[in-house]
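Results of the structural survey
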Amino acid sequence: MLNLSGVTRRYGETVALEDLNLIVPDDTYMSLLGASGAGKTTLLRLIAGFEEPNAGQISLNGERLDGKAPHRRDIGFVFQNFALFPHLTVQENVEFGLKYRETGACADPKELTERAADALQLVGLDGFGHRGVGEISGGQKQRVALARTLVTEPRIVLLDEPLGALDANLRNRMCDELRAIRERLRVSFLHVTGSETEALTMGDTVAVLSDGRIVQADGSTELFTRPHNPAAARHLN
Ligand code: ATP
């Protein structure tokens, strides 16, 4: 379980997150819904460890994460722009995720290759390992980025607007694949989006972020039928 308690993040005069509380249980698909500027990316960056909060605590299964380097947090991050290495092949991009995460434990090149190939198979990219990143489509890049994260066996995967760059067809396919991966791996996902339809379709639960605070966190059906906070309701019109 991921637990954020009283988390505040300021940039000069701007308060991006203020006294934010949120629990992401194990084995959950949670959508994080918020308008532009609500603080969604900031929240993901704090959880992943790319930045530290000014106040508050973040813990995973009871263990405080503050001060821990991103690659020591058991948390995966799939960036909005995929952030793949253009000079590496698909396979090398996925292996990089593992090499960077582990020191010594996976030094065996054969094991590296096998685990990366398994991760590519999991996201439907069996046989794509030798291709250059420049040779594959946007949807395939998205899946390589997902494989690069999943290969490290994180407890929770942070997805920053994962469907934003995809056309309608690819979006539907990616939704199905994300659900299937969650079923298979029993890993938690925190899926950031500005679209209420996407949030309600994908999430078992939806947390609504408004002006740096979680204003409602509920099952998607409850949130749709009973938005008990006016700020949350605005997102559902
Ligand atoms: P979007 O959907 O547009 O990406 P968001 O919900 O992800 O928005 P954030 O990017 O987290 O929102 O930004 C929240 C607030 O914090 C905004 O007012 C933004 O301008 C501010 N902010 C974020 N990062 C920085 C930074 N590095 N320096 C200054 N202000 C920042």
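Scroll up to find the structure this text is about.
Residues numbered from 1 in each chain as written. Predicted model: local features only at pLDDT ≥ 70, side-chain atom pairs only at ≥ 80, totals over all residues. Heavy atoms only, no water.

This part covers the site of the ligand. Every residue close to the ligand is listed here: Tyr11, Thr14, Ala16, Ala35, Ser36, Gly37, Ala38, Gly39, Lys40, Thr41, Thr42 and Glu161. Within the backbone of glycine 37, a nitrogen or oxygen atom sits 2.8 Å from an oxygen atom of the ligand. Surface burial for the ligand is 56%, taken as the share of its 640 Å² of free accessible area covered by protein chains. Counting only elements with at least two residues in the shell around the ligand, the list comes to strand E2 (14–24) and helix H1 (40–48). A per-element tally of the shell around the ligand places H1 first, with three residues. (Near = heavy atom within 4 Å. Polar contact = N/O pair within 3.5 Å; in protein donor to acceptor, adjacent residues only side chain to side chain. Areas by Shrake-Rupley, 256 points an atom, 1.4 Å probe, with all protein chains shown as cover. Helix = DSSP H or I, 4+ residues; strand = E, 2+ residues; numbered from the N terminus.)

A word on the sheet that holds strand E5 (residues 63–64). What the four strands build is an open sheet, ordered E2-E1-E4-E5; its pairing is antiparallel. Each having just a single partner strand, E2 and E5 make up the two edges of the open sheet. As defined by bridge partners, strand E1 (residues 2–11) adjoins E2 across seven bridges and the pair is classed as antiparallel. Note on E2: the bridge partner recorded for arginine 9 is leucine 17. Most of the contacts of H1 go to E1, to which it runs at about 120°, and overall it touches E1, E2 and strand E4 (55–60). (Pairing = 2+ DSSP bridges. Contact = heavy atoms within 4.5 Å. Axes fitted to C-alpha atoms, helices over the stretch in contact; angles between N-to-C directions.)

Glancing now at empty space enclosed by the protein. Applying the stated criterion to the full structure yields one cavity of 30 Å³ or more. Looking at the largest cavity, its volume works out to about 30 Å³. At the level of secondary structure, the elements contributing two or more residues to the lining of the largest cavity comprise helix H4 (138–150) and helix H5 (168–185). By residue number, the principal contributor to the lining of the largest cavity is H5, which donates four residues. (1 Å grid on protein atoms, 1.4 Å probe; cavity = no way out; pocket = protein on both sides within 12 Å on 5 of 7 lines; lining within 4 Å. Points joined across faces, edges and corners; volume = space filled by probe spheres on them.)

Right, let's get into the environment of glutamate 135. If you trace the backbone, glutamate 135 turns up in the loop between helix H3 (109–122) and H4. By relative accessible area, which is 57% here, glutamate 135 ends up exposed. Engagement of the side chain of glutamate 135 in a polar contact is seen with the backbone nitrogen of glycine 132, the distance being 2.9 Å. (Buried < 20%, exposed > 50% of the residue type's maximum accessible area, 1.4 Å probe, protein only.)

One finds Val94, Leu146, Leu159, Leu178 and Phe189 to be the most contacted residues of the largest nonpolar core, which totals 33 residues. For leucine 146, the contacting residues outside a window of four places in its chain are Val78, Val123, Leu159, Leu178, Ile181 and Phe189. Core analysis: the second largest hydrophobic core is formed by 27 residues, Ala48, Leu190, Leu209 and Ile214 among them. (Core = buried A, V, L, I, M, F, W, Y, C linked by side-chain atoms within 4.5 Å.)

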